[in-house]
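Structural characterization, general
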Amino acid sequence: MDFQFFSSNSKGVSELEKMNRSLSIRSNKGGAASSPAPARKKGFSFASLRGSIQPELSRRLYQLIKSTNNLVSAHEAAGRERETIAKQLSEWGEQTGDDAVSDISDKVGVVLSELGAQEDAYAHGLDEARAVLKTIRNTEKSVQPSRDAKAKIADEIQKLKLKEPQSPRLAILEQELVRAEAENLVAEAQLTNITRSKLKIAYEAEFAAVIERAEKQIILAKHGRRLLDLLDDSPVTPGDARRPYENGSAARQVLNDAEDDLKSWEKNANTNNYDSVFGGDDATGVGVAVSDAHGGSGCRRLLPRLSRSYASTSSQQSDIYDVVCVGGGPAGLSLLTALRSNPTTSGLRVALVEAQDLSKIRNWKLPPDRFSNRCSSLTPASAQFLDRIGAWSHVQRERVQPYHEMQVWDGVTDARIEFEWAPSAGGGKTIAYMNENLNLTSGLLRRLDELGGVTVYDGARVENITLGEETEELDFREWPIVHLAGGKQLAARLLVGADGANSPVRAFAGIEAKGWDYDRHGVVATLELEGPGWGGDAMKIAYQRFLPTGPVAMLPLPGNYSTLVWSTTPSNAALLKSLSPKDFIALVNAAFRLSPVDLEFMHTISSGQEDELSWRLQHTQFNYQAVPQTVVGVQEGTVASFPLKLRHADTYIGERVALVGDAAHTIHPLAGQGLNQGQGDVESLSKTIEYAVSHGQDIGTRMSLEQYNSERYGPNHVLLGVCDKLHKVYSVGSGPLVPLRSLGLNAINAMGPVKDFFMNQAAGNGIKLF
């Protein structure tokens with residue numbers, strides 16, 4: 001390689017001579033070993049569901065990887081700017097009317113564009129090095145449990161020696177300590193082996209990328225100078241004409257020489273095993289094309305270079321997709337609708353995988369007096385999002401019921417809070433919309449059919465999800481491959497898990513979900529009331545009463561109908577499902593009127609609840625208009641139950657994986673926010689994908705998806721925690737907590753601004769707290 005370029009640049013040499021030659025860039029001087037970082041004091045945080053705080057070394061490496069992300073983005077941006085400048089130079093030269101300037105500026109633009117391509121290639125090299133460093137970080141985190149286990153047993157031994165020196169448990173603990181120390185030794189040895197190996201691999205890759213960029217840029221710069229030498233800049237006398245431009249062929253030959261030199265570099269690099277560092281990934285073969293006004297095809301392709309392209313424009317293989325969404329519920333369908341309805345992302349090649357037959361849902365229709373028992377509360381914010389993506393108009397609106405007031409009270413003390421908008425808010429302002437889940441999914445399917453462009457695999461079971469393999473043409477080693485029953489395989493640039501609480505996509509990504517079961521079941525049913533409600537059709541009211549066994553809610557549907565969601569014990573749920581319709585109706589009416597003691601007794605008898613309620617109501621005083629109107633019927637076949645649980649994934653993203661809805665989080669239904677959380681996820685993820693596409697990023701990389709994770713994880717975590725604490729606080733039937741919670745409920749009810757704040761948050765209209 002000819003380094004004459006450096007020798008002619010005296011300033012560059014002098015700068016090299018002035019380089020800081022410190023033997024370390026660490027803050028401590030004199031080469032002393034770094035002192036350990038002071039231990040951080042652990043305070044209150046919302047990380048309770050995410051496990052213990054990660055090890056200090058892992059945290060430091062995380063910051064390094066995050067900073068590398070920023071560096072990758074900077075070089076990618078620099079490459080894009082180079083290409084923009086190249087195009088602008090070429091277009092400017094064409095407009096000058098000077099043949100020489102037009103041709104030389106066009107050819108220089110080719111060189112500048114290829115210089116920009118080298119920045120993009122370098123960014124890919126950095127990204128690969130970063131991926132290797134993540135292996136060290138993950139291994140460090142996996143070793144920490146063995147350290148903690150060893151330390152915990154050692155502490156127990158010390159405590160036991162002080163309290164009971166002769167305890168026979170000491171011998172058992174010492175044996176456990178020996179085993180723990182052995183396990184830790186193995187883990188530590190693995191960590192040090194992986195650390196050294198991966199550190200070397202990571203920075204070999206980075207330095208190889210540096211060498212490639214530098215040497216290729218030198219080649220391009222030298223040939224760029226040759227192009228400039230072909231431009232005659234000798235001054236002319238006013239009135240004289242310049243000699244005709246005759247260097248068009250020479251200029252083209254310069255580009256040919258540049259291409260040959262780059263190919264020669266590649267050949268030498270392959271001989272020196274540079275490609276083993278980069279894995280041959282720059283075989284996408286996308287070159288730079290500019291117009292040529294002086295003959296030839298007008299298309300210069302210097303060297304195959306790294307460039308992101310999407311399956312919709314580059315792939316001719318039917319089973320390769322930009323986005324594969326597993327799960328055809330509201331979250332998955334909303335995401336695909338959002339992508340297809342957005343001009344920026346509508347060109348992506350997308351596929352939907354769903355185990356059910358979607359044709360039945362697409363054609364779903366019930367009589368006006370029949371309702372599905374699986375209903376959800378949609379906030380105005382969720383409804384607005386559905387409207388923006390064009391799905392709200394496809395929902396059967398006559399089956400959607402807005403409600404404008406909500407009555408919530410303590411079943412033990414009768415302390416009450418009334419959520420209703422003040423007259424200044426517009427009188428009929430909606431808190432939320434009650435809607436059947438099937439109504440929403442069928443509306444989304446109709447909107448997707450209207451948009452088109454989605455490959456649907458319904459009635460298809462996911463048998464397995466694996467990473468792909470490398471072939472002579474394509475490298476799918478980092479791409480998820482979805483294996484369907486029947487042998488179909490779908491390669492996904494981005495795999496989205498909208499596949500529920502037991503998500504196979506989450507399992508494939510190795511993302512853990514922490515949480516617990518509530519030992520409660522949610523009983524649902526469609527009820528018929530004696531009237532349309534105390535406020536009539538114009539002012540529908542939702543009711544929720546907190547009982548020691550769990551909250552019971554009655555939420556309005558159109559006409560005289562309501563949907564029931566009753567969280568109770570498994571034994572109570574089994575009883576409710578076994579009762580005759582008249583006894584079931586009696587027990588539901590009792591849940592909103594009788595004391596917890598009376599209600600508990602009615603759960604101990606296997607039948608006769610109707611007579612028991614009639615007798616007890618004669619001895620119970622309550623405000624009839626403060627509870628729902630009397631239930632007079634239950635729709636046949638709608639009484640069902642499901643177990644309640646809390647789950648939260650450790651993260652919503654992995655490499656080429658994103659989770660939305662129940663795959664990412666499962667919440668207690670007491671606040672009616674499960675579906676709205678999923679819609680919030682979808683809105684955020686669709687915006688993140690839009691940003692990545694508009695900025696030329698790979699939509700599947702963790703770096704591109706990080707914004708979605710950071711935007712949604714905190715708010716969802718807080719809401720999960722709030723609902724969990726409410727459930728636990730109101731599960732207490734006696735003791736000092738009962739009057740305290742009642743005092744808090746009454747205080748909030750008396751403070752209008754505070755109550756309005758909570759209402760706005762519940763409706764999705766409030767300010768973002770996180």
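Heads up: the structure comes first, above all this text.
Each chain carries its own residue numbering, running from 1 in the written order of its sequence. pLDDT decides what is reported in this predicted model: residues at 70 or higher carry local features, side-chain atom pairs at 80 or more are listed and counted, and totals for whole chains, interfaces and linings draw on all residues regardless. For side-chain calculations, the full set of non-hydrogen atoms in the structure is used, while hydrogens and water are omitted.

What follows deals with the overall build of the protein chain. Assigned secondary structure in the protein chain consists of 21 helices and 20 strands. When burial is assessed residue by residue, the protein chain has 46% of its 770 residues classed as buried. Under the convention used here, a 1.4 Å probe and the Shrake-Rupley method define accessible areas, while residue burial counts only the protein chains that appear. Surface exposure of the protein chain reaches about 38,500 Å², of which carbon and sulfur atoms provide 53%. Secondary structure elements are defined from DSSP: runs of H or I of at least 4 residues count as helices, runs of E of at least 2 residues count as strands, and each element is numbered from the N terminus. Buried residues are those whose accessible area, probed at 1.4 Å on protein chains only, stays under 20% of the maximum for their type, while exposed residues exceed 50% and partly exposed ones sit between those limits.

Note on definitions: the grid is 1 Å and covers protein atoms alone; a cavity is a set of points where a 1.4 Å probe fits but cannot get out; a pocket is an open set with protein on both sides within 12 Å along at least five of seven lines; lining residues have an atom within 4 Å of a point. Grid points are joined across faces, edges and corners, and a volume is the space filled by probe spheres set on the points. Inspection of every chain in the model, using the stated rule, returns two cavities of 30 Å³ or more. Taken as a whole, the largest cavity spans an internal volume of roughly 130 Å³. In this structure, the largest cavity is lined by 17 residues; those nearest its centre are Leu529, Pro532, Gly533, Ile541 and Tyr543. Listed by contribution, the elements that provide at least two residues to the lining of the largest cavity are strand 13 (541-547), strand 14 (550-556) and strand 15 (561-568).

For two strands to be treated as a pair, DSSP must find no fewer than two bridges joining them. Pairing of strand 12 (residues 513-529) with strand 17 (residues 640-649) involves nine bridges; the strand directions are antiparallel. From the neighbouring strand, Lys514 faces strand 17, where its bridge partner is His648. Alignment of strand 17 against strand 20 (residues 665-666), held across two bridges, turns out to be antiparallel. For His648, the partnering residue across the bridge sits in strand 20 and is His665.

The definition of a nonpolar core used throughout is a set of buried Ala, Val, Leu, Ile, Met, Phe, Trp, Tyr and Cys residues joined through side-chain atoms within 4.5 Å. Ranked by size, the top nonpolar core spans 65 residues in total, and within it Val324 and Leu685 carry the most contacts. Should any heavy atoms of two residues lie within 4.5 Å, those residues are considered in contact. If we skip the residues at most four places from it in the chain, Leu685 touches Leu335, Val496, Ala658, Val660, Leu705 and Tyr708. Ala525, Leu576, Ala591 and Leu613 belong to the second largest nonpolar core, which has 30 residues in total.

Spatially, 3-7-4 is the arrangement adopted by the three strands of the open sheet, whose pairing is antiparallel. In this open sheet, the two strands that pair with only one neighbour each are strand 3 (375-378) and strand 4 (401-403). Neighbour to neighbour, the strand axes of the sheet diverge by 25° on average, direction disregarded. When strand 4 meets strand 7 (residues 432-436), the two strands line up antiparallel, connected through three bridges. To obtain each axis, a line is fitted to C-alpha atoms, and for helices this fit is confined to the stretch in contact; angles are then taken between N-to-C directions over 0 to 180 degrees.

Turning to the packing of helix 11 (residues 380-388) against helix 18 (residues 674-694), a few remarks are in order. The description of two packed helices rests on the angle between their axes and on the distance between the axes. The contact between helix 11 and helix 18 brings their axes to 10 Å, and the two run at 45°. Relative to helix 18, the element helix 11 lies oblique. In terms of crossing hand, the pair formed by helix 11 and helix 18 is left-handed. Of the residues in helix 18, those touching helix 11 at Ser382, Phe385, Leu386 and Arg388 are Asn676, Gln679, Val682 and Glu683. In this classification, Asp, Glu, Lys and Arg are treated as charged, Ala, Val, Leu, Ile, Met, Phe, Trp, Tyr, Cys and Pro as nonpolar, and every other residue, Gly included, as polar. The class makeup of the residues in the contact of helix 11 with helix 18 is three nonpolar, three polar and two charged. Under this scheme an angle from 65 to 115 degrees is roughly perpendicular, one under 35 degrees roughly parallel, and one over 145 degrees roughly antiparallel; angles in between are oblique. By convention, the crossing between two helices is left-handed when the near helix turns anticlockwise from the far helix through less than a right angle, and right-handed when the turn is clockwise.

Our focus in this paragraph is the environment of Val524. Among the structural elements, Val524 can be located in strand 12. Linking Val524 and Leu564, residues 40 residues apart in sequence, is a C-alpha distance of 5.1 Å. Every residue in contact with Val524, bar those within four places of it in the chain, is listed here: Asn373, Arg374, Leu564, Val565, Thr638, Val639, Ala640 and Phe642.

Now for helix 15 (residues 581-591). When you tally the buried positions in helix 15, you get nine out of 11 residues, the bulk of the element. Of the positions making up helix 15, those classed as buried are Asp583, Phe584, Ile585, Ala586, Leu587, Val588, Asn589, Ala590 and Ala591.

Salt bridges are defined by distance alone: a side-chain nitrogen of Lys or Arg within 4 Å of a carboxyl oxygen of Asp or Glu. Applying the stated criterion across every chain yields a total of 29 salt bridges. Note that Arg226 is salt-bridged to Asp257, the shortest N-O span being 3.1 Å. With Arg226 in helix 5 (residues 169-229) and Asp257 in helix 6 (residues 248-271), this pair connects stretches of sequence that are 31 residues apart. Among the salt bridges present, the one from Asp681 reaches Arg712, with a minimum N-O distance of 2.8 Å. Here the residue Asp681 occupies a position in helix 18, and Arg712 occupies one in helix 19 (residues 702-730), the gap between them amounting to 31 residues. Comparing Asp681 with Arg712 shows no difference in burial state: the two are buried. One connected set of salt bridges, linked through shared partners, spans Asp322, Arg493, Arg656 and Asp698.

Quick look at helix 12 (residues 437-451) now. Helix span, as expected, comes to 1.5 Å for every residue beyond the first. Taking 1.5 Å per residue, 15 residues should reach 21 Å; helix 12 reaches 21 Å between its end C-alpha atoms and fits that length. In the core, the buried residues of helix 12 are packed alongside helix 9 (330-341), helix 10 (358-362), helix 11, strand 7, strand 8 (454-458) and helix 18. Gly452 sits one or two positions beyond helix 12 and adopts a positive phi of about 70°.

Before going further, it helps to examine unusual backbone geometry. Phi is positive for Asp414, close to 70°, though the residue is something other than glycine. On the secondary structure map, Asp414 appears in the loop between strand 5 (405-410) and strand 6 (416-420). With phi around 65°, Arg656 is a residue other than glycine that occupies positive phi space. By the element assignment, Arg656 lies in the loop between strand 18 (653-654) and strand 19 (657-659). Of the residues examined, Arg656 reaches a relative accessible area of 6% and is grouped as buried.

Let us look at the environment of Glu76. Inspection of the secondary structure assignment puts Glu76 in helix 3 (residues 56-95). Overall, the relative accessible area of 3% leaves Glu76 in the buried class. Between the alpha carbons of Glu76 and Ala123 there is a distance of 6.0 Å; along the sequence they are 47 residues apart.

Let's shift gears to the packing of helix 9 against helix 18. One can describe the packing of helix 9 onto helix 18 by two numbers: an axis separation of 9 Å at closest approach and a directional angle of 30°. Of the possible angle classes, the one that applies to helix 9 and helix 18 is roughly parallel. Crossing handedness for the pair helix 9 and helix 18: right-handed. Residues Pro330, Ala331, Ser334, Leu335, Ala338 and Leu339 of helix 9 lie in contact with helix 18, whose contacting residues are Leu675, Gln679, Val682, Leu685, Ser686 and Ile689. Residues that form the contact of helix 9 with helix 18 fall into these classes: nine nonpolar, three polar and no charged.

Position of Arg399 relative to the elements: it lies in the loop between helix 11 and strand 4. Not counting residues up to four positions away in its chain, the partners in contact with Arg399 are Trp364, Leu366, Pro367, Pro368, Arg370, Phe371, Met434, Asn435, Glu436, Asn439 and Pro558.

Relative to the assigned elements, Arg340 resides in helix 9. None of His or the chain ends enter the tally, which takes Lys and Arg as positive and Asp and Glu as negative. Salt bridges are absent for the buried Arg340, whose nearest opposite-charge side chain, Asp322, sits at 8.9 Å. Pairing of N or O atoms within 3.5 Å defines a polar contact, subject to two protein rules: one partner must be a possible hydrogen donor and the other a possible acceptor, and residues neighboring in sequence count only if both atoms are side-chain atoms. Within polar-contact distance, the side chain of Arg340 engages the backbone oxygen of Gly452 at 2.7 Å. In this structure Arg340 touches Ser346, Gly347, Leu348, Val350, Leu448, Leu451, Gly452, Gly453 and Val454, once residues within four positions along its chain are discounted.

Aromatic ring pairs are described here by two measures, namely the spacing of the ring centres and the angle between the planes. Each aromatic pair joins two rings of Phe, Tyr and Trp (for Trp, the six-membered one) with centres within 6.5 Å, and gets the label stacked for planes under 30 degrees apart, edge-to-face for over 60, and tilted for any other angle. Scanning all chains against the criterion turns up eight aromatic pairs. Centre to centre, the rings of Phe371 and Tyr561 are 5.5 Å apart; their planes meet at 50°, and the pair counts as tilted. Taken together, the residues Phe371 in the loop between helix 10 and strand 3 and Tyr561 in strand 15 connect sequence positions 190 residues apart. On the accessibility criterion, Phe371 (2% relative accessible area) is buried. For Tyr561, a relative accessible area of 18% translates into the label buried. Here the aromatic rings of Trp392 and Tyr433 are separated by 5.7 Å at their centres, their planes lie at 70°, and the arrangement is edge-to-face. Here Trp392 is found in the loop between helix 11 and strand 4, whereas its partner Tyr433 is found in strand 7, with 41 residues between them in sequence. An identical accessibility class is assigned to Trp392 and Tyr433; each is buried. An aromatic cluster of three or more residues is present, and its members are Tyr652, Tyr708 and Tyr713.

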